[in-house]
Amino acid sequence: MLRYLPFLLVLALWIYAFVDCLNTPEDEVRHLPKVVWVIVILLFGEVLVGPVAWLLTGRVRRTAAAGGAAADGHAGPGSGWVAPDDNPEFLKSLERDDPKTD
(Lines give C-alpha, C1' and ligand atoms only; values in the text may rest on other atoms or scores of the structure.)
Protein backbone atom coordinates (compact mmCIF):
# COMPACT_ATOMS: atom_id res chain seq x y z
CA MET A 1 0.00 0.00 0.00
CA LEU A 2 2.77 2.45 0.83
CA ARG A 3 4.37 1.95 -2.56
CA TYR A 4 1.42 3.86 -4.09
CA LEU A 5 1.82 6.85 -1.76
CA PRO A 6 4.42 8.74 -3.86
CA PHE A 7 2.26 8.31 -6.96
CA LEU A 8 -0.83 9.57 -5.12
CA LEU A 9 1.05 12.58 -3.73
CA VAL A 10 2.30 13.52 -7.20
CA LEU A 11 -1.20 13.10 -8.59
CA ALA A 12 -2.70 15.23 -5.81
CA LEU A 13 -0.18 18.04 -6.42
CA TRP A 14 -0.78 17.81 -10.15
CA ILE A 15 -4.54 18.12 -9.74
CA TYR A 16 -4.24 20.91 -7.17
CA ALA A 17 -1.95 22.99 -9.39
CA PHE A 18 -4.17 22.42 -12.42
CA VAL A 19 -7.37 23.46 -10.63
CA ASP A 20 -5.61 26.39 -8.96
CA CYS A 21 -4.36 27.61 -12.33
CA LEU A 22 -7.82 27.34 -13.87
CA ASN A 23 -9.41 29.26 -10.97
CA THR A 24 -6.80 32.03 -10.83
CA PRO A 25 -7.93 35.25 -12.54
CA GLU A 26 -5.93 36.19 -15.64
CA ASP A 27 -4.62 39.41 -14.05
CA GLU A 28 -3.02 37.45 -11.18
CA VAL A 29 -1.03 35.10 -13.46
CA ARG A 30 2.66 35.99 -13.75
CA HIS A 31 5.38 35.44 -16.36
CA LEU A 32 3.34 33.47 -18.93
CA PRO A 33 -0.23 33.56 -20.27
CA LYS A 34 -2.67 31.38 -18.36
CA VAL A 35 -3.15 28.97 -21.28
CA VAL A 36 0.60 28.35 -21.42
CA TRP A 37 0.66 27.65 -17.67
CA VAL A 38 -2.10 25.06 -18.10
CA ILE A 39 -0.11 23.35 -20.84
CA VAL A 40 3.10 23.42 -18.75
CA ILE A 41 1.27 21.91 -15.77
CA LEU A 42 -0.27 19.17 -17.88
CA LEU A 43 2.89 18.32 -19.83
CA PHE A 44 5.37 18.43 -16.95
CA GLY A 45 3.09 17.37 -14.09
CA GLU A 46 4.34 13.81 -13.95
CA VAL A 47 7.84 14.95 -13.01
CA LEU A 48 6.50 17.74 -10.73
CA VAL A 49 8.24 20.49 -12.72
CA GLY A 50 5.01 22.05 -14.00
CA PRO A 51 3.02 22.12 -10.76
CA VAL A 52 5.96 23.29 -8.65
CA ALA A 53 6.81 26.02 -11.18
CA TRP A 54 3.18 27.19 -11.11
CA LEU A 55 3.00 27.26 -7.34
CA LEU A 56 6.31 29.07 -6.92
CA THR A 57 6.35 31.54 -9.80
CA GLY A 58 3.14 31.44 -11.80
CA ARG A 59 0.69 33.10 -9.48
CA VAL A 60 0.67 36.09 -7.19
CA ARG A 61 1.33 34.92 -3.67
CA ARG A 62 -0.89 36.01 -0.81
CA THR A 63 0.89 36.08 2.50
CA ALA A 64 -0.71 35.69 5.90
CA ALA A 65 1.04 38.88 7.01
CA ALA A 66 -1.25 40.88 4.73
CA GLY A 67 -3.98 40.51 7.36
CA GLY A 68 -6.87 40.75 4.94
CA ALA A 69 -5.44 43.76 3.15
CA ALA A 70 -6.84 44.66 -0.23
CA ALA A 71 -4.90 44.14 -3.44
CA ASP A 72 -3.42 47.63 -3.13
CA GLY A 73 -2.12 46.79 0.34
CA HIS A 74 -4.62 48.91 2.27
CA ALA A 75 -7.22 47.43 4.53
CA GLY A 76 -10.26 49.53 5.18
CA PRO A 77 -14.02 49.60 5.17
CA GLY A 78 -15.48 47.37 2.52
CA SER A 79 -12.16 45.61 1.93
CA GLY A 80 -13.40 42.21 3.00
CA TRP A 81 -15.17 40.18 5.64
CA VAL A 82 -15.56 41.65 9.12
CA ALA A 83 -16.29 39.57 12.19
CA PRO A 84 -19.77 40.19 13.62
CA ASP A 85 -18.45 41.47 16.94
CA ASP A 86 -16.37 44.07 15.06
CA ASN A 87 -19.20 45.17 12.80
CA PRO A 88 -21.03 48.21 14.23
CA GLU A 89 -24.05 47.70 11.97
CA PHE A 90 -24.52 44.14 13.23
CA LEU A 91 -24.23 45.28 16.86
CA LYS A 92 -26.84 47.99 16.29
CA SER A 93 -29.21 45.46 14.75
CA LEU A 94 -28.88 43.33 17.89
CA GLU A 95 -29.87 46.29 20.06
CA ARG A 96 -32.96 46.92 17.90
CA ASP A 97 -34.04 43.27 18.13
CA ASP A 98 -33.53 43.01 21.89
CA PRO A 99 -36.94 42.35 23.55
CA LYS A 100 -35.71 43.72 26.90
CA THR A 101 -35.52 47.29 25.53
CA ASP A 102 -39.27 47.43 24.70
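Look above for the structure.
Treat the numbers as computed from the prediction; the structure is a model and nothing was measured. (Residues numbered from 1 in each chain as written. Predicted model: local features only at pLDDT ≥ 70, side-chain atom pairs only at ≥ 80, totals over all residues. Heavy atoms only, no water.)

Undergrad: I would appreciate a short explanation of unusual backbone geometry in the present structure.
TA: Most peptide bonds adopt trans geometry, and most residues besides glycine take a negative phi value. The residue His 31 is not glycine, and still its phi comes out positive at about 70°. In this structure, His 31 sits in the loop between helix H1 (5-23) and helix H2 (34-43). We note that Leu 48 has phi near 70°; this positive angle belongs to a residue other than glycine. For Leu 48, the location among the structural elements is in the loop between H2 and helix H3 (49-58). Of the residues examined, Leu 48 reaches a relative accessible area of 29% and is grouped as partly exposed. (Helix = DSSP H or I, 4+ residues; strand = E, 2+ residues; numbered from the N terminus. Buried < 20%, exposed > 50% of the residue type's maximum accessible area, 1.4 Å probe, protein only.)

Undergrad: Could you clarify how one ought to interpret a nonpolar patch on the surface in this entry?
TA: On the surface, a nonpolar cluster with roughly 750 Å² of combined accessible area is contributed by Met 1, Tyr 4, Phe 7, Leu 8, Leu 11, Ile 15 and Val 19. Tracing the backbone through its elements, the reader meets Tyr 4 in the segment before H1. (Patch = residues over 30% accessible without salt bridge, like charges linked within 9 Å, V, L, I, M, F, W, Y side chains within 5 Å. Areas by Shrake-Rupley, 256 points an atom, 1.4 Å probe, with all protein chains shown as cover. Salt bridge = Lys/Arg side-chain N within 4 Å of Asp/Glu carboxyl O.)

Undergrad: Looking at this structure, how should I read the nonpolar core?
TA: In globular proteins that are soluble, nonpolar side chains generally tend to be buried together. Residues Ala 17, Cys 21, Val 29, Trp 37, Val 38, Val 40, Ile 41, Trp 54 and Leu 55 constitute the largest nonpolar core, which totals 9 residues. Those elements giving two or more residues to this core turn out to be H1, H2 and H3. Of the residues forming this core, the biggest block, 4 residues, is contributed by H2. Each residue touching Ile 41, except ones within four places of it in the same chain, is listed here: Trp 14, Ala 17, Phe 18, Cys 21, Gly 50, Pro 51 and Trp 54. (Core = buried A, V, L, I, M, F, W, Y, C linked by side-chain atoms within 4.5 Å. Contact = heavy atoms within 4.5 Å.)

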